[in-house]
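What follows is the residue order along each chain.
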Protein chains: 2
Amino acid sequence: MHYPATLDRTFFALSDPTRRGILERLGRGPATIGELAEPFGLTLNGVKKHVGILEDVDLVVTAKVGRARECQLGPAGLEDATDWIEEYRRTWQGRLDRFGSYVEEQGAGR
Amino acid sequence: MHYPATLDRTFFALSDPTRRGILERLGRGPATIGELAEPFGLTLNGVKKHVGILEDVDLVVTAKVGRARECQLGPAGLEDATDWIEEYRRTWQGRLDRFGSYVEEQGAGR
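Residues numbered from 1 in each chain as written. Chains lettered and ligands numbered in written order. Predicted model: local features only at pLDDT ≥ 70, side-chain atom pairs only at ≥ 80, totals over all residues. Heavy atoms only, no water.

Undergrad: Residues and numbers for unusual backbone geometry, please.
TA: All names here are of chain A. Even without being glycine, Asp58 reaches a positive phi, approximately 65°. One can find Asp58 in the loop between α4 (44-56) and β2 (60-65). Using a relative accessible area of 42% as the deciding quantity, one classes Asp58 as partly exposed. The backbone of Leu78 shows a phi angle near 60°, a positive value even though the residue is not glycine. (Helix = DSSP H or I, 4+ residues; strand = E, 2+ residues; numbered from the N terminus. Buried < 20%, exposed > 50% of the residue type's maximum accessible area, 1.4 Å probe, protein only.)

Undergrad: So what's going on with the relation of the copies chain B and chain A? Residues and values would help.
TA: For the pair chain B and chain A, the superposition axis carries a translation of 0.0 Å, the fit reaches an RMSD of 0.0 Å, and the rotation angle comes to 180°. What we have between these two chains is a two-fold relation. Both copies contact each other with a shared surface, as 100% of the interface residues of chain B are interface residues in chain A too. (Least-squares fit on C-alpha atoms with pLDDT ≥ 70 in both. Contact = heavy atoms within 4.5 Å.)

Undergrad: Which residues make up the sheet that holds strand β3 (residues 68-73) of chain B, and what are the values?
TA: Paired through backbone hydrogen bonds, the strands of a sheet run either parallel or antiparallel to each other. Residues and elements named next belong to chain B. With antiparallel pairing, three strands are arranged side by side in an open sheet as β1-β3-β2. The open sheet terminates on both sides in strands that have one partner only, identified here as β1 (31-32) and β2 (60-65). Relative to β3, β1 runs antiparallel, the two sharing two bridges. By the bridge assignment for β3, Ala31 is matched with Cys71. Helix α2 (residues 17-26) contacts β1, β2 and β3 of the sheet and is inclined by roughly 90° relative to β3. Relative to β2, helix α4 (residues 44-56) is tilted by about 120°, and along the sheet it contacts β2 and β3. (Pairing = 2+ DSSP bridges. Axes fitted to C-alpha atoms, helices over the stretch in contact; angles between N-to-C directions.)

Undergrad: Lay out helix α1 (residues 6-14) of chain A with the relevant residues and their values.
TA: Leu7(A), Thr10(A), Phe11(A), Ala13(A) and Leu14(A) are the residues of α1(A) that are buried. For α1(A), the angular spread of the buried residues around the axis is 155°, confining them to a single face. (Arc of directions from axis to C-beta.)

Undergrad: Could you give me a rundown of the side chain of Thr32(A), with the residues and numbers involved?
TA: All names here are of chain A. Tracing the sequence through the fold places Thr32 in strand β1 (residues 31-32). The exposure class assigned to Thr32 is buried, which follows from its relative accessible area of 17%. In this structure Thr32 touches Ala68, Arg69 and Glu70, once residues within four positions along its chain are discounted.

Undergrad: Describe helix α2 (residues 17-26) of chain A, with residues and values.
TA: Every buried residue of α2(A) is accounted for by Arg19(A), Arg20(A), Gly21(A), Ile22(A), Leu23(A) and Leu26(A). Measuring from the backbone nitrogen of Thr18(A) back to the side-chain oxygen at the start of α2(A) gives 2.8 Å, which picks out Asp16(A) as the cap. (Polar contact = N/O pair within 3.5 Å; in protein donor to acceptor, adjacent residues only side chain to side chain.)

Undergrad: I'd like a rundown of the packing of aromatic side chains, residues and numbers included.
TA: For the coordinates displayed, the defined rule picks out five aromatic pairs over all chains. Their ring planes at 80° and their centres at 6.4 Å tell us that Phe11(A) and Trp84(A) sit as a pair that is edge-to-face. Taken as a pair, Phe11(A) in helix α1 and Trp84(A) in helix α5 (residues 79-106) lie far apart in primary sequence, 73 residues in all. Ring pairs connect the aromatic residues Phe11(A), Trp84(A), Tyr88(A), Phe11(B), Trp84(B) and Tyr88(B), which therefore count as one cluster. (Phe/Tyr/Trp six-rings, centres within 6.5 Å; stacked < 30°, edge-to-face > 60°.)

Undergrad: Outline the sheet that holds β2(A), listing residues and values.
TA: Residue and element names in this part refer to chain A. On the basis of which strands lie adjacent, the open sheet formed by three strands has the order β1-β3-β2 and antiparallel pairing. The sheet is open, and its two borders are formed by β1 and β2, each paired with just one other strand. Contacting β2 and β3 (68-73), α4 runs over the sheet at an angle of about 120° to β2.

Undergrad: Before we move on, can you summarise the pairing of β3(B) with the specific residues and values?
TA: Relative to β3(B), β2(B) runs antiparallel, the two being bridged by six bridges. Counterpart to Thr62(B) in the pairing with β3(B) is Cys71(B).

This is the structure in structure tokens:
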């Protein structure tokens, strides 16, 4: 399977609870950097750093609105991430029976 | 949404192409640490480190077989990761139209 290098960065972007929280928040509507700072207990620079990582993989887009920078969910639909996980799950399901036998053979769980 | 802290570590485990490669390889059958080292161009310690990260989130299980340590796909079915991404995709789909209008308003892409 070949995937663009962004798959690494996408999974990395999702590995942080604050970044997942920001995405969940933006799912309810746009927010400025300042509006994101308080609920997450972050400094403006802290928000900018997380938003930058999300923006880098198109999970967020930002635009200057007056003196503030507004953040929205970006165009990334996470298709690659979903595809990879689904492919893995298919393989994994196929091996589940063999894994059961393996555990028995090894006497694990006793 | 509440998820166990392993969601962070699971996404992190998937953020590395070598670790995804190891999972794909183990999807075709068990392999020892030594058997994983060569195709990935890693030292034994390099493989152990990656396998340790995968083992930590139950994506891999290992067992001593004779003098070798054999690796297999573990019990983690990535349900939490799938659930999170699916929930995100639902939200994202719902906001796609509004995002379109937003791009027009901002005159982005001109």
